[in-house]
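Structural overview
Here is what each chain is made of, one letter per residue.
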Amino acid sequence: MLLEAIGLKAGMTFIKDGKLIKVLESNHHKPGKGNTVMQMKLYDVRAGSTVQTTMRPSEKIELAIIDLKQAQYLYTQDELAYFMDLETYDQYEIATNSIEQELKFLLPNTNVQIQFYGAEVIGVMLPSMVELTVTETQPSIKGGSVTGGGKPATMETGLIVSVPDFIQAGEKLVINTSNGEYKGRAAN
């Protein structure tokens, strides 16, 4: 399926010169002089490299057909993360360097969707929200409010999130996986 470059959004995957490319960022840019361009941050799925580039908005791109399977994150060992298909119980291995950002949101037994290009495992789609426990943060400030400036908190996965001043170590929080923002305390 062909699409113009102006239609590419973050998360989409396309094929160019035999390479499988995932869009990390896509911005429409109109310089003072000259033609409009698409500024893009792209990730080569197979090579594991990231590149900044520009494309003409009218440039035709071949979208990759990506299939999704329900799976569960099991564990990480050495340079591999292990996932289990929830229907067939097959296990899939994904190199940790290709899903570094996603691993910051994953605890064992978290349900995800594994992305496939044909039979090739190419990535992971996270749930929109996850619950993580604060392992380290500055002591809460007396009178700290929800609208205050906030403070950094380290979650159990190593993710650092800006949280309100009243949050303490040991609390379980809801975190948005698309932008890594604090959404609130988790219900007990």
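For the structure itself, consult the block above.
Since this is a predicted model, take the numbers as computed values, not measurements.

**Looking at the overall build of the protein chain**
Of the regular secondary structure elements, the protein chain holds one helix and 16 strands. Taking the principal axes of the C-alpha coordinates as reference, the protein chain spans close to 55 × 50 × 25 Å. Looking at the protein chain as a whole, 36% of its 188 residues are labelled buried. Taking contacts inside the protein chain between residues at least 6 apart in sequence as the whole, the part at least 24 apart equals 42%. Total accessible area computed for the protein chain in this model is approximately 11,000 Å², and 49% of it derives from carbon and sulfur atoms.

**Structural notes on the pairing of strand E12 (residues 129–137)**
When E12 meets strand E15 (residues 172–176), the two strands line up antiparallel, connected through five bridges. Across the sheet, the residue bridging to Glu131 is Val174, located in E15. Bridge count between E12 and strand E13 (residues 151–155): three bridges; the pairing is antiparallel. Counterpart to Val134 in the pairing with E13 is Met155.

**Description of the sheet that holds E12**
Spatial strand order, E14-E13-E12-E15-E16: five strands in an open sheet with antiparallel pairing. Strand pairing shows two members of the sheet lacking a second neighbour, strand E14 (160–163) and strand E16 (182–185), which therefore form its edges. On average, adjacent strands in this sheet sit at an angle of 50° to one another, irrespective of strand direction. Of the pairings in the sheet, the one linking E15 to E16 comprises three bridges and is antiparallel in character. Residue pairing in the sheet places Val174 in a bridge with Gly184 of E16.

**Some thoughts on the layout of surface pockets**
When its volume is computed, the largest pocket comes out at roughly 860 Å³. Of all elements in the fold, only strand E3 (19–29), strand E4 (37–44), helix H1 (100–103) and strand E11 (120–125) reach the threshold of two or more residues within the lining of the largest pocket. A breakdown of the residues in the lining of the largest pocket according to their chemical character gives 12 nonpolar, 13 polar and five charged. Considering the residues around the second largest pocket, the lining is formed by Phe14, Lys16, Asp17, Lys19, Ile21, Leu42, Asp44, Ser49, Val51, Thr53 and Met55. Of all the secondary-structure elements, those providing two or more residues to the lining of the second largest pocket are strand E2 (13–16), E3, E4 and strand E5 (49–55). Sorting elements by how many residues they give to the lining of the second largest pocket places E5 first, with four residues. For the lining of the second largest pocket, the per-class residue count stands at five nonpolar, two polar and four charged.

**Quick look at the nonpolar core**
Among the nonpolar cores identified, the biggest contains 13 residues, and Phe83, Ile99, Val112, Ile114 and Val124 are the most heavily contacted of them. When contributions to this core are tallied by element, the ones reaching two or more residues are strand E7 (67–77), strand E8 (80–85), strand E9 (91–95) and strand E10 (111–117). One finds Val134, Met155, Leu159 and Ile175 within the second-largest nonpolar core, a separate group that totals 12 residues.

Thresholds, definitions, all that
Residues numbered from 1 in each chain as written. Predicted model: local features only at pLDDT ≥ 70, side-chain atom pairs only at ≥ 80, totals over all residues. Heavy atoms only, no water. Helix = DSSP H or I, 4+ residues; strand = E, 2+ residues; numbered from the N terminus. Buried < 20%, exposed > 50% of the residue type's maximum accessible area, 1.4 Å probe, protein only. Contact = heavy atoms within 4.5 Å. Areas by Shrake-Rupley, 256 points an atom, 1.4 Å probe, with all protein chains shown as cover. Pairing = 2+ DSSP bridges. Axes fitted to C-alpha atoms, helices over the stretch in contact; angles between N-to-C directions. 1 Å grid on protein atoms, 1.4 Å probe; cavity = no way out; pocket = protein on both sides within 12 Å on 5 of 7 lines; lining within 4 Å. Points joined across faces, edges and corners; volume = space filled by probe spheres on them. Nonpolar A, V, L, I, M, F, W, Y, C, P; charged D, E, K, R; others polar. Core = buried A, V, L, I, M, F, W, Y, C linked by side-chain atoms within 4.5 Å.

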